Amino acid sequence: MQAAGQWVLIWHKFRKHKLALVSLFVVGLIYLVALFAEFLAPADPGKFDPRYTFAPPQSIGLFADDRQGGQSFQPHVTGYKITLDVKSFRRVFVPDPDVIVPIGFFVQGQPYKMWGLFPSNLHFIGPLDQSQPFFLIGADRLGRDLLSRTIHGTRISMSIGLVGVGLSLLIGMTLGGISGYYGGMVDRAIQRVIEFIRSVPTIPLWLGLAAAMPKDWPPLQIYFAILIILSLIGWTEIARVVRGRFLSLRSDDFVIAARLDGVSEFRLIMRHMMPSLYSHIIAAITLAIPNMILAESSLSFLGLGLQPPIVSWGVLLQDTQNLRAITQAPWLFVPGICIVIAVLSLNFLGDGVRDAADPYAK
């Protein structure tokens, strides 16, 4: 007779949580977009065209008039008719159904290097004529394609959450394991450090550490500095979870038996105690990633985090800090909608994993 393992039982319980299952699909889709950002983006995120400043989203059509006077299948977007507002002296974009821009899938476009390694110019979707405007969700204040910038921003924002939590996990598991396994003075010292960090208001601490970074640092260096800052602050919750589990496990029979059998402390922790924490660690990770994403977005939105030319969802939201964005260009809030979807999906996923990993949950 073969018994189901721990991960099989967790998966069977997780499948009953429908909202968490949908969230798992959404999170997987978001990370796929981040992984293949260059291929999925219709254009280079830095390409700008001043003629299309704050151009509104274009509608997609599937059929167009042919030369015989009928309708033929031709995916396209509606072109623009540009007029001048005599009161504000601003250009006004009006959809012109008589002007169509043919589009296609797997089209040749601007060259790029996938993951910085493989050169290509193939894009998932784009205009057949690269000189024609193509703004599915509109353009920003410099005439840059917001869809392409949002797709590229997915990679930065989601990777900061994933890598930042990875660093926090490493610090939290190490210090939390030491605290819970040895106890005594070591435990008290580590807990006092955790209490001190948690007693400091989070947002002012983020702002202070981010503002201390030199302004002449290159964007990549700022990116890694933000990762380190978020990791140094976000490890306390994971450390407490690990400490609590180690305190409860170190007096269990299987731990005492392994210690009496002469097992080394490293092997005892890694082979006997740590596997019982995996499900709780995964739940903690999925619940901690949204906090990392919100922290990076908040710092970047306030101008104290990532800076252009790096593209993240928080950096993109900097363009919404004016009245014109609210009244005339509401599509600039699309990165904010992406943040909401990602954070909610990760929270629902974390709730499902936590319930599935709980041996006492019904």
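Thresholds, definitions, all that
- Residues numbered from 1 in each chain as written.
- Predicted model: local features only at pLDDT ≥ 70, side-chain atom pairs only at ≥ 80, totals over all residues.
- Heavy atoms only, no water.
- Phe/Tyr/Trp six-rings, centres within 6.5 Å; stacked < 30°, edge-to-face > 60°.
- Buried < 20%, exposed > 50% of the residue type's maximum accessible area, 1.4 Å probe, protein only.
- Patch = residues over 30% accessible without salt bridge, like charges linked within 9 Å, V, L, I, M, F, W, Y side chains within 5 Å.
- Areas by Shrake-Rupley, 256 points an atom, 1.4 Å probe, with all protein chains shown as cover.
- Salt bridge = Lys/Arg side-chain N within 4 Å of Asp/Glu carboxyl O.
- Helix = DSSP H or I, 4+ residues; strand = E, 2+ residues; numbered from the N terminus.
- Pairing = 2+ DSSP bridges.
- Contact = heavy atoms within 4.5 Å.

S.K.: Any details on the packing of aromatic side chains? Residues and values, ideally.
M.R.: Each aromatic ring pair is characterised by the separation of its centres together with the angle its planes make. Tallying each qualifying case throughout the model produces 11 aromatic pairs. A ring pair is formed by Tyr 181 and Tyr 182, whose centres lie 5.0 Å apart and whose planes are at 85 degrees; its orientation type is edge-to-face. For Tyr 181, a relative accessible area of 9% corresponds to the buried category.

S.K.: Residue-level account of a nonpolar patch on the surface, with values.
M.R.: Taken together, Phe 25, Leu 29, Leu 32, Leu 35, Phe 36, Trp 115, Leu 117 and Phe 118 make up a surface patch of nonpolar side chains, about 820 Å² in accessible area. By residue number, the principal contributor to the nonpolar patch is helix 2 (residues 18-35), which donates 4 residues. Tracing the backbone shows Leu 32 in helix 2. We classify Leu 32 as partly exposed; its relative accessible area is 45%.

S.K.: Give me the lowdown on the pairing of strand 3 (residues 90-114), citing residues and values where you can.
M.R.: As paired strands, strand 2 (residues 71-85) and strand 3 are joined by 10 bridges and run antiparallel to one another. In the sheet register, Asp 85 faces strand 3, and the bridge partner there is Arg 90. Bridging between strand 3 and strand 4 (residues 118-127) involves 8 bridges; their strand directions are antiparallel. By the bridge assignment, Val 107 is partnered in strand 4 with His 123. Hairpin connection of strand 3 to strand 4: 3 residues between the antiparallel strands, including Trp 115 at a positive phi of 55 degrees.

S.K.: Please give an account of the side chain of Ser 168 that cites residues and values.
M.R.: In this fold, Ser 168 is placed in helix 4 (residues 146-182). Judged by its relative accessible area of 1%, Ser 168 falls in the buried class. Ignoring anything within four residues of it in the chain, the contact list for Ser 168 reads Leu 230, Ser 231, Gly 234, Trp 235, Ile 238 and Met 292.

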